[in-house]
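# Analysis of the macromolecular model
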Amino acid sequence: MENNMFTSIEIRKKQYYDSVFLMGENQKLGNSDGIIQTAVLMASEKNKSILLDLGITYSKIEDAGPNDLIIAIIGESEQAVSDALGKVDSILQGLEAKKTEARFHTIQEGLGQLPDANLAVFSIPGEYVPHEARKALEAGLNLFIFSSNVSLDDELQLKQKAEEKGLIVMGPDCGTSLIGGIGIGFANVVRQGEIGVIGASGTGLQEFTSQIHNAGYGISHAIGTGSNDVKDMIGGITTFSALEVLEKDPNTKVIAFVSKPLGEQLAEGLVSRIAACKKPIVCCFLGLDSPLQLPKKSDRVVRIIDEAVKASIDLLEPGSKSGNLTLTPKELAWCEEERGLWSPEQRYLRGVFAGGTFTYQSQQVLKDAGIRVYSNAPLSHHMTLADPDVSQYHTIVDMGDEFYTLGRPHPMISGALRNERIEQEAKDPQMAILFLDFILGYNASEDPVGELLDSIILAQRKAESYGGHLTVVASMCGTDQDPQDFAMQKALLDQQDVFIFNSNARAAFFCANLLRSEKVLEK
Amino acid sequence: MMEKEKDALFKESLKIINIGLEKFFENIEAQSVEVVQVDWEPPAGGDTEMMEILDHLL
């Protein structure tokens, strides 16, 4: 280490805090004056290896366990390190004071307080989920498991056990559910209504439910299954349960199902189940090239969330005027105008996304328009980025991928990761379009646009300094009822001449149109 | 034989035990739902194998 660095490493035995809280505090601390690097995290094996990667080594770290807190601070002066340590202490003291009010440490203790509880919501490290979730099922609780990193074997066992008991397991890796209008996890505030939806993707459910609300309709229930439920090994246990629930629910008139393509065996079973369902069903399989054939005349298969919204509303109210994907003449004129401002060098689209489903869907829309996009989460393997940290040609990165989020807050919670990437993209004079997604709702960042605004402005100025003009396109998933103030978030982007769409697919269509007349060199 | 009907949860008022992120608890509470926060910590020193053994013994 260099001589002008001062390091403090402390281990606080038996002080457990959740990782999302610690990552948030760590980020604030890292922005303090005179601080070079900080790491405030629990001493799990994974975190210890992160510290090793950062070059932070200390014999006591090796001996620390997952209940012990590590505070590592590297600063430019002794004073800066000591000030930062003081900040950590005051934050933790505040939290400890709060903790003395809440008093439950086990599910059993929680059940003592709320004996007729019917749902357990888990957001603890995945490795501990099977053990705790089994106990919750034994106690007759349904499960919403936000945590990921639960093995498929454990997932299957939990879901089979739930089946025996007549319970439902939403997850693991379930981002969103709306049960009778109550949002669990990352959910938007939407009115209640007659459309029920099942989804293997959290952001997919958020986009669908928000668009239904924004079109003036409502949701009965939105049931998240977790991302692995549609794999053949799990066999869609939660998907089938959710179908049964919505089929029986008197408030649900139309059922929608939003998912990436299914496992082959599951697809077969699901087609027969859908055929037997008494209610009309809209299936939205993102990325599906050859649509499934559904025998029942009322059922529809689509490939884009907006089409699923439109089809669901049409089934509910035939002939109703719901959203259209095609661009308006005004939007087409904007494309022409923007292209005219680009320098001859500017030709590439760079998407820096928070939502995995949006990364996927945008690539699909662009591919349909003949535009090939590289990604860390590509539609097909040959479009995988050689280095996820470096964009090539047209690129859309899913910054929520574990590659980026290991030890860092997810981009739906904090703008830090995306700011860094946008600033990096800004250095490339070939970037013509910066494409972003913003996701509002419960548990998401309180100010997703505000967090990214400085980087957006920086990228715009940088493009001007190269003699060009950066076109910034954004989609915003949310409703006028969300806690973040939808109108204010939109106004912030408007002020910076960002083209904003209430639909990720429409924003991607807009990008496709911007690029269409460009002769883009591709491999 | 199933002990419950699967759709029971969707017909009843939600009553939630939140295990983990306090922010989830706050946002559930903000929707006027009965919810209890469990400040979970890794049991048995975080040793998952030990937890399994204890589960079988107890």
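Residues numbered from 1 in each chain as written. Chains lettered and ligands numbered in written order. Predicted model: local features only at pLDDT ≥ 70, side-chain atom pairs only at ≥ 80, totals over all residues. Heavy atoms only, no water.

A separate point is the pairing of strand 4 (residues 119-122) of chain A. Residues and elements named next belong to chain A. Residues L119 and V121 line one face of strand 4 and the alternating positions A120 and F122 line the opposite face, and both faces are buried. Note: strand 4 against strand 5 (residues 142-145), four bridges, orientation parallel. For V121, the partnering residue across the bridge sits in strand 5 and is F144. Between strand 4 and its parallel partner strand 5, the chain crosses via helix 6 (residues 129-138), and the hand of that crossover is right-handed. (Buried < 20%, exposed > 50% of the residue type's maximum accessible area, 1.4 Å probe, protein only. Helix = DSSP H or I, 4+ residues; strand = E, 2+ residues; numbered from the N terminus. Pairing = 2+ DSSP bridges. Right-handed = clockwise from strand over helix to strand, strands pointing away.)

This paragraph deals with the sheet that holds strand 6 (residues 169-170) of chain A. Strand order in the open sheet formed by five strands is 6(A)-5(A)-4(A)-1(B)-2(B), and the pairing between neighbours is parallel. Strands at the two margins of the open sheet, each flanked by one partner only, are strand 6 of chain A together with strand 2 (34-38) of chain B. Both strand 1 (residues 15-19) of chain B and strand 2 of chain B contribute to a ladder of five bridges, which runs parallel. If you follow B:I19 over to strand 2 of chain B, its bridge partner there is B:V38. Helix 1 (residues 22-29) of chain B rests against strand 4 of chain A together with strand 1 and strand 2 of chain B of the sheet, and its axis sits at about 165 degrees to strand 2 of chain B. (Contact = heavy atoms within 4.5 Å. Axes fitted to C-alpha atoms, helices over the stretch in contact; angles between N-to-C directions.)

Counting residues in each nonpolar core, the largest one holds 73 residues, and the members touching the most others are A:L119, A:M170, A:I433, A:F435, A:V473, B:L14 and B:I16. In this structure, A:L69, A:A136, A:A162 and B:W40 belong to the second largest nonpolar core, which totals 42 residues. (Core = buried A, V, L, I, M, F, W, Y, C linked by side-chain atoms within 4.5 Å.)

Let's shift gears to unusual backbone geometry. Residue and element names in this part refer to chain A. In the segment running from G171 into P172, the intervening peptide bond is cis, with an omega of 0 degrees. Backbone geometry places N443, a non-glycine residue, at a positive phi of 75 degrees. Its location among the elements puts N443 in the loop between strand 17 (431-439) and helix 16 (448-465). Unusually for a residue other than glycine, D497 sits at a positive phi of about 60 degrees. Summarising the element assignment, D497 is placed in the loop between helix 17 (486-495) and strand 19 (499-501).

Next up on the list: the packing of aromatic side chains. Residues and elements named next belong to chain A. Taken as a whole, this structure holds 13 aromatic pairs over all chains when the rule is applied. With a centroid separation of 5.4 Å and an interplanar angle of 50 degrees, the aromatic rings of W334 and F499 are classed as tilted. Here W334, found in helix 12 (residues 329-341), pairs with F499, found in strand 19; they are 165 residues apart in sequence, far enough to count as distant. For F499, a relative accessible area of 11% corresponds to the buried category. Judged by centre distance (5.0 Å) and plane angle (45 degrees), the ring pair of F501 and F510 falls under tilted. Like F501, the residue F510 is buried in the burial classification. Here a set of aromatic residues connected by ring pairs shows up, and it is made of W334, F499, F501 and F510. Taking NZ or CZ as reference, R418 lies 5.4 Å from the ring centre of F438, over its face. (Phe/Tyr/Trp six-rings, centres within 6.5 Å; stacked < 30°, edge-to-face > 60°. Lys NZ or Arg CZ within 6 Å of the ring centre and 35° of its normal.)

Residues and elements named next belong to chain A. Here we have three strands laid out as an open sheet, ordered 1-3-2, and antiparallel in their pairing. Each having just a single partner strand, strand 1 (6-12) and strand 2 (35-42) make up the two edges of the open sheet. Geometrically, the sheet is characterised by an average inter-axis angle of 5 degrees between neighbouring strands, direction not taken into account. The sheet contact formed by strand 1 and strand 3 (residues 69-75) spans seven bridges and is antiparallel. For I11, the partnering residue across the bridge sits in strand 3 and is I70. Contacts from helix 1 (residues 19-30) reach strand 2 and strand 3, with the element oriented near 165 degrees to strand 2.

Right, let's talk about the pattern of salt bridges for a bit. Between side chains of opposite charge, a pair can form as their charged atoms come close. Residue and element names in this part refer to chain A. If you walk through the whole model with that rule in mind, you get 27 salt bridges over all chains. The closest approach of N and O atoms between E138 and K161, which form a salt bridge, is 2.5 Å. One end of the pair, E138, is in helix 6; the other, K161, is in helix 7 (residues 152-165), with 23 residues separating them in the sequence. A residue is classified by how much of its surface remains accessible, and E138, at 49% relative accessible area, is partly exposed. On the accessibility criterion, K161 (22% relative accessible area) is partly exposed. K159 is the partner of D229 in a salt bridge, and the nearest nitrogen-oxygen pair spans 2.8 Å. (Salt bridge = Lys/Arg side-chain N within 4 Å of Asp/Glu carboxyl O.)

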